[in-house]
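# Architecture and fold: a report
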Amino acid sequence: MTRQDFYDMLDIETVEDFKYVENVSQYLECDDEIEFADIAALIKELDKVEASGLIDDYFEEIMDFIPEAETEMYSLFTNIRRSLTGMFKNADEVSTEAKIAEELERFRRWYSMDSKVYLQEMSGTAEREETVRDALFAKRMESLGGEKFFYDFTEAMDYPLEEYVMTFGDMMTLADDYEVGEDNEE
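Worth saying up front: this structure is predicted, and the values here are computed from it rather than measured.

Basis of the calculations
- Residues numbered from 1 in each chain as written.
- Predicted model: local features only at pLDDT ≥ 70, side-chain atom pairs only at ≥ 80, totals over all residues.
- Heavy atoms only, no water.
- Helix = DSSP H or I, 4+ residues; strand = E, 2+ residues; numbered from the N terminus.
- Buried < 20%, exposed > 50% of the residue type's maximum accessible area, 1.4 Å probe, protein only.
- Contact = heavy atoms within 4.5 Å.
- Areas by Shrake-Rupley, 256 points an atom, 1.4 Å probe, with all protein chains shown as cover.
- Expected span 1.5 Å × (residues − 1).
- Polar contact = N/O pair within 3.5 Å; in protein donor to acceptor, adjacent residues only side chain to side chain.
- pLDDT = per-residue confidence, 0-100.
- Core = buried A, V, L, I, M, F, W, Y, C linked by side-chain atoms within 4.5 Å.
- Salt bridge = Lys/Arg side-chain N within 4 Å of Asp/Glu carboxyl O.
- Pairing = 2+ DSSP bridges.
- Axes fitted to C-alpha atoms, helices over the stretch in contact; angles between N-to-C directions.

## Re the overall build of the protein
Scanning the protein for helices and strands turns up eight helices and three strands. When its helices and strands are written in sequence order, the protein yields α-α-α-α-α-α-β-β-α-β-α. Taken across its 186 residues, the protein has 40% of its residues classed as buried. In the protein, once contacts between residues fewer than 6 apart in sequence are set aside, the share between residues at least 24 apart is 67%. Summed over its atoms, the accessible surface of the protein is roughly 10600 Å², and 48% of this surface lies on carbon and sulfur atoms.

Below is the structure:
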């Protein structure tokens, strides 16, 4: 895939056009081979605070479709979300930008290409293998009246999450977000 093909897939003409959650989903849900240099170049030029918000919004949207019984998967997604958004917020040097690109690519490959989730029809005994991306899509379709499944995310839990050290500012932001969330529930 050329850089122009990559941008066409993202539905952008320039990096400045990468400002919607849909751009994030088009990248993270793509199962084509993408040149790492193109991903790194995109990350380098993005507004990191805006990109952090887009990543956060994307995860908020997809995490709604993790089956309720899959608390470990929900926890894994929470940790990946926290790691990626924190890395974007604290991207202040070239090595950090390369690390962000590596982490995004690791997530994309796991989420859309390499993971294995088993879906068993509730109405029968047929079972099929899907990626995490496709399993969450099936769960989303259930909410729209689609076929219902039992989900087994056990094999997909093997995700190599890189350690991200949170700064004091990250912790304060999370605390503020949590307090705002509590206020909205009242």
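## A short note on helix α4 (residues 48-63)
Taking 1.5 Å of rise per residue, the 16 residues of α4 would be expected to cover 22 Å, and the 22 Å separating its terminal C-alpha atoms lies within 8% of that figure. Measuring from the side-chain oxygen of the N-cap residue of α4 to the backbone nitrogen of V49 gives 3.2 Å; that N-cap residue is D47.

## Some words on the confidence of the model for the protein
When pLDDT is averaged along the protein, the result is 87; 85% of the residues meet or exceed 70. Of all the helices and strands in the protein, helix α8 (residues 168-185) carries the lowest mean pLDDT, 52, while helix α2 (residues 21-28) carries the highest, 97.

## Quick look at the nonpolar core
Membership of the largest hydrophobic core comes to 49 residues, with the highest contact counts inside it found for F59, F77, L104, F107, W110, Y111 and V132. When residues no more than four places from it in sequence are discounted, the contact partners of F107 are L28, F59, F77, I80 and Y159.

## Remarks on unusual backbone geometry
Residue D11 is not a glycine yet carries a positive backbone phi of 65°. With respect to the helices, strands and loops of the structure, D11 is situated in the loop between α1 (3-10) and α2. Exposure remark for D11: the relative accessible area of 59% places this residue in the exposed category.

## A word on the pattern of salt bridges
Following the criterion strictly, the structure yields 12 salt bridges and no others. A salt bridge links R3 to D38; its shortest N-O distance comes to 2.8 Å. Linking R3 in helix α1 with D38 in helix α3 (residues 36-45), this pair joins segments that are 35 residues apart in sequence. On the basis of relative accessibility, which here comes to 7%, the residue D38 falls in the buried class. For the salt bridge of R133 with D31, the shortest nitrogen-to-oxygen distance reads 3.5 Å. In this pair, R133 sits in helix α7 (residues 132-142) while D31 sits in the loop between α2 and α3, placing the two residues 102 residues apart along the sequence. For R133, a relative accessible area of 14% corresponds to the buried category.

## Observations concerning the sheet that holds strand β1 (residues 117-121)
Judged by pairing direction, the sheet is antiparallel, and its three strands sit side by side in the order β2-β1-β3 without closing on themselves. Single-partner strands in this sheet number two, and they are β2 (127-130) and β3 (149-152). The sheet shows a mean angle of 25° between the axes of neighbouring strands, direction not considered. Where β1 and β3 come together, four bridges link them in antiparallel fashion. The partner of Y118 across the bridge, within β3, is D152. Against the sheet, α7 engages β1, β2 and β3, with an angle of about 155° to β3.

## Side note on the side chain of S112
With respect to the helices and strands, the residue S112 is situated in helix α6 (residues 94-114). A relative accessible area of 2% places S112 in the buried class. Among the polar contacts made by the side chain of S112, one reaches the main-chain carbonyl oxygen of L28 at a distance of 2.6 Å. Excluding residues that lie within four positions of it along the chain, S112 makes contacts with L28, E29, C30, D31, T131 and R133.

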